[in-house]
Amino acid sequence: MKVSKGRSFLFRIPEGEEFGAFINGFAKKHNVLIGTVTAIGTLRNPKIGYFDEESGRYRVMELSGTYELVSLTGNISIKDGEPFAHIHVALGDSDGRLWGGHLIEGEVFVAEVFVQELLGEILERKPQKNGLALWDAEGL
Amino acid sequence: MKVSKGRSFLFRIPEGEEFGAFINGFAKKHNVLIGTVTAIGTLRNPKIGYFDEESGRYRVMELSGTYELVSLTGNISIKDGEPFAHIHVALGDSDGRLWGGHLIEGEVFVAEVFVQELLGEILERKPQKNGLALWDAEGL
Amino acid sequence: MKVSKGRSFLFRIPEGEEFGAFINGFAKKHNVLIGTVTAIGTLRNPKIGYFDEESGRYRVMELSGTYELVSLTGNISIKDGEPFAHIHVALGDSDGRLWGGHLIEGEVFVAEVFVQELLGEILERKPQKNGLALWDAEGL
């Protein structure tokens with residue numbers, strides 16, 4: 001859908017916060033109902049997920065230690081009546097190898113975040129038969 | 001070059017579409033001549049390319065199965081007279097390992113996309129001696 | 001902090017330039033004091049860093065050869081009185097494997113860059129006890 005630009009925010013999340021919970025709280029506090037999120041930094045003990053179609057669930061991988069947050073790309077929309085950030089991350093280990101997937105959890109060591117609010121109709125995640133919660137799709 | 005902001009679009013591509021073809025079709029339909037594209041989601045059987053300078057061609061890698069679309073970064077400009085999206089992707093396998101490069105082809109399972117139209121002079125890809133099609137470079 | 005949108009730039013950096021130095025020079029030339037940077041392309045002999053908390057320094061990894069620049073995410077703010085770009089990258093080798101972290105150095109083969117200027121209060125990196133230079137953190 002076509003959206004227009006709302007407010008923009010550039011900030012650092014305090015050390016020790018859980019990334020996703022912080023962004024969901026930020027969106028709720030500032031009433032950001034639709035938006036995009038990007039970030040770089042460093043995360044501790046991140047949990048990432050790979051969606052397994054057969055089981056309809058995420059396979060969870062718990063990485064231990066500190067990882068460079070090489071890329072973080074996400075969007076904000078409504079899920080269960082509240083603003084919710086869907087986030088994917090690429091994480092670098094101490095040898096420069098990259099790991100990643102759907103961000104389930106990650107403790108912030110450093111997170112420099114850009115949030116762009118978007119304005120438009122309500123965009124809502126609805127439970128699907130395959131186990132995911134998705135927006136209605138839009139064809140050409 | 002300096003550009004100004006045009007329209008913004010946030011949407012989910014229907015399952016089964018080929019990502020690049022869909023974005024090129026979207027740009028053509030909405031007359032987006034310059035822009036940026038980002039996305040997260042999941043792709044099936046993606047083909048990625050590594051540009052090999054010696055041969056002046058992309059080395060093509062065909063990944064089979066379903067991959068988390070960890071990051072997708074692209075831009076839209078004019079190639080052969082039509083809007084064309086140049087896209088790079090990072091893809092996560094079921095062990096959380098990342099693979100990626102130039103996106104040649106990828107079937108959408110889930111794709112949540114943000115397109116930002118930009119307005120400015122025509123920005124066109126021109127064939128180079130090295131085998132790539134590039135915009136004119138701009139020095140400082 | 002809340003920021004507003006300034007100018008936008010989409011351009012290709014000439015072959016042979018060092019990526020970070022070029023962006024710092026670009027920001028200085030155009031007086032971009034706060035902003036975001038994204039890019040795709042190809043880099044030669046990139047040096048990436050992993051921040052090691054124990055030593056308070058980056059562990060430097062020198063990659064040799066040409067790598068697809070799969071994602072580049074960065075921000076611009078003030079460090080030591082001048083505009084400074086903090087950049088993380090994901091890089092793809094000829095087998096499609098991804099490597100990455102903090103971008104220390106990278107020679108441009110191709111770099112297609114989008115810079116978004118942001119306007120707001122001065123945002124400054126200050127030396128921390130842990131060895132990093134960071135913005136003040138903002139809680140909820």
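Residues numbered from 1 in each chain as written. Chains lettered and ligands numbered in written order. Predicted model: local features only at pLDDT ≥ 70, side-chain atom pairs only at ≥ 80, totals over all residues. Heavy atoms only, no water.

I'd like a rundown of the interface of chain C and chain B, residues and numbers included.
Taken together, the contact pairs 35 residues of chain C with 41 residues of chain B. Here chain C packs against chain B, burying approximately 3,100 Å² in sum over the two surfaces, 63% of which is carbon and sulfur. Its largest share of buried area at the contact with chain B, chain C owes to C:Leu10, C:Arg12 and C:Glu68, together 24% of the area lost on that side. Our count for the contact surface shared by chain C and chain B stands at 3 salt bridges. (Contact = heavy atoms within 4.5 Å. Buried area = accessible area lost by both parts, 1.4 Å probe. Salt bridge = Lys/Arg side-chain N within 4 Å of Asp/Glu carboxyl O.)

Run through the relation of the copies chain A and chain C, naming residues and quoting values.
If you rotate chain A by 120° and push it 0.0 Å along the axis, it lands on chain C with an RMSD of 0.0 Å. Both copies are brought into coincidence by an operation consistent with a three-fold rotation axis. Relative to the rotation axis, the closest C-alpha in chain A is found at A:Leu98, a distance of 3.3 Å. Of all interface residues in chain A, a mere 9% are interface residues in chain C too; the two copies therefore contact each other through different surfaces. (Least-squares fit on C-alpha atoms with pLDDT ≥ 70 in both.)

Lay out the pattern of salt bridges with the relevant residues and their values.
It is possible for side chains of opposite charge to pair when their charged atoms get near one another. For the coordinates displayed, the defined rule picks out 30 salt bridges over all chains. Of the charged contacts in the structure, one is a salt bridge between B:Arg44 and B:Glu15, with a shortest N-O distance of 3.1 Å. Note that B:Arg44 is positioned in strand S2 (residues 34-52) and B:Glu15 in the loop between strand S1 (2-13) and helix H1 (19-30), a separation of 29 residues in sequence. In this structure, the salt-bridge partner of C:Glu105 is C:Lys47, at a minimum N-O distance of 3.9 Å. Pair noted here: C:Glu105 is in strand S6 (residues 98-119) and C:Lys47 is in strand S2 (residues 34-52), with a separation of 58 residues, a long-range link. One network of salt bridges, in which partners are shared, links A:Glu15, A:Arg44, A:Glu107 and C:Glu53. (Helix = DSSP H or I, 4+ residues; strand = E, 2+ residues; numbered from the N terminus.)

For the packing of aromatic side chains, give the residues involved together with the corresponding values.
Across all of its chains, the model carries 15 aromatic pairs over all chains by this definition. Centroid distance A:Phe51 to B:Phe109: 6.3 Å. Interplanar angle 35°. Geometry classified as tilted. Taken together, the residues A:Phe51 in strand S2 (residues 34-52) and B:Phe109 in strand S6 (residues 98-119) connect one chain to another. With a relative accessible area of 3%, A:Phe51 lands in the buried category. Residues C:Phe11 and C:Phe26 carry aromatic rings whose centres are separated by 4.6 Å and whose planes lie at 15° to one another, so their mutual orientation is stacked. (Phe/Tyr/Trp six-rings, centres within 6.5 Å; stacked < 30°, edge-to-face > 60°. Buried < 20%, exposed > 50% of the residue type's maximum accessible area, 1.4 Å probe, protein only.)

Which residues make up the relation of the copies chain C and chain B, and what are the values?
The transform that puts chain C on chain B rotates by 120° and translates by 0.0 Å along the axis, for an RMSD of 0.0 Å. Little of the interface of chain C is mirrored in chain B, where only 9% of its interface residues are also at the interface.

I'd like a description of the interface of chain A and chain C, backed by residues and values.
Each partner contributes to the interface: chain A provides 35 residues, whereas chain C provides 41 residues. In this assembly, chain A packs against chain C so that about 3,100 Å² is buried in total across both faces, 62% of it on carbon and sulfur atoms. Of all residues in chain A, A:Leu10, A:Arg12 and A:Glu68 bury the most surface against chain C, accounting for 23% of the area lost on that side. At the junction of chain A and chain C, the tally comes to 3 salt bridges. The shortest N-O distance in the salt bridge between C:Arg59 and A:Asp95 comes to 3.4 Å.

Account for the pairing of S2(C), with residues named and values stated.
The side chains of a regular strand alternate between the sheet's two faces. Residues and elements named next belong to chain C. S2 sits mainly inside the fold: 15 of its 19 residues count as buried. As paired elements, S2 and S6 share 14 bridges and run antiparallel to each other. Its bridge partner lying in S6, Ile 48 is registered against Leu 103. The sheet contact formed by S2 and strand S4 (residues 66-79) spans 9 bridges and is antiparallel. Across the sheet, Gly 35 pairs through a bridge with Ile 76, a residue of S4. In sequence, S2 turns back onto strand S3 (residues 57-62) through a hairpin of 4 residues, with Gly 56 there showing a positive phi of about 70°. (Pairing = 2+ DSSP bridges.)

If you had to explain the pairing of strand S5 (residues 82-92) of chain B to someone new, which residues and values would you point to?
Residues and elements named next belong to chain B. Counting buried positions along S5 yields 9 of 11 residues, so the element is predominantly enclosed. Examined bridge by bridge, strand S4 (residues 66-79) and S5 share 11 bridges and lie antiparallel to one another. Paired with Gly 74 across the two strands is Ile 87, which belongs to S5. Once S4 ends, the chain turns through 2 residues before running back antiparallel as S5, passing Asp 80 with a positive phi of about 50°.

Please give an account of the environment of B:Glu112 that cites residues and values.
Take B:Glu112: it is sitting in strand S6. On the basis of relative accessible area, B:Glu112 is assigned to the buried category, the value being 2%. C-alpha of B:Glu112 to C-alpha of B:Thr38: the two residues are 74 residues apart in sequence and 8.5 Å apart in space. Those residues in contact with B:Glu112 that lie beyond four places of it in its chain are A:Asn75, A:His86, A:Arg125, A:Leu134, A:Trp135, B:Phe11, B:Thr38, B:Ala39 and B:Ile40.

Describe the confidence of the model for chain A, and please don't skip the residues or the numbers.
It should be kept in mind that the predicted coordinates are not to be read in detail where pLDDT is low. Per-residue confidence for chain A gives a mean pLDDT of 97; residues scoring 70 or more make up 100%. Among the prediction metrics, the complex's ipTM stands at 0.97, with pTM recorded as 0.98. (pLDDT = per-residue confidence, 0-100.)

Give me the lowdown on helix H1 (residues 19-30) of chain C, citing residues and values where you can.
All names here are of chain C. Spanning 12 residues, H1 covers 16 Å between terminal C-alpha atoms, matching the ideal 16 Å at 1.5 Å per step. Inspection of H1 places Phe 19, Gly 20, Phe 22, Ile 23, Gly 25, Phe 26 and Ala 27 among the buried residues, and these make up the whole buried set. Buried residues belonging to H1 abut strand S1 (2-13), S2, S4, strand S5 (82-92) and S6. Phi for Asn 31, located one or two positions after H1, is positive at around 60°. (Expected span 1.5 Å × (residues − 1).)

Could you give an account of the side chain of B:Glu117, with specific residues and numbers?
With respect to the helices and strands, B:Glu117 occurs in strand S6. The buried category is assigned to B:Glu117, whose relative accessible area is 7%.

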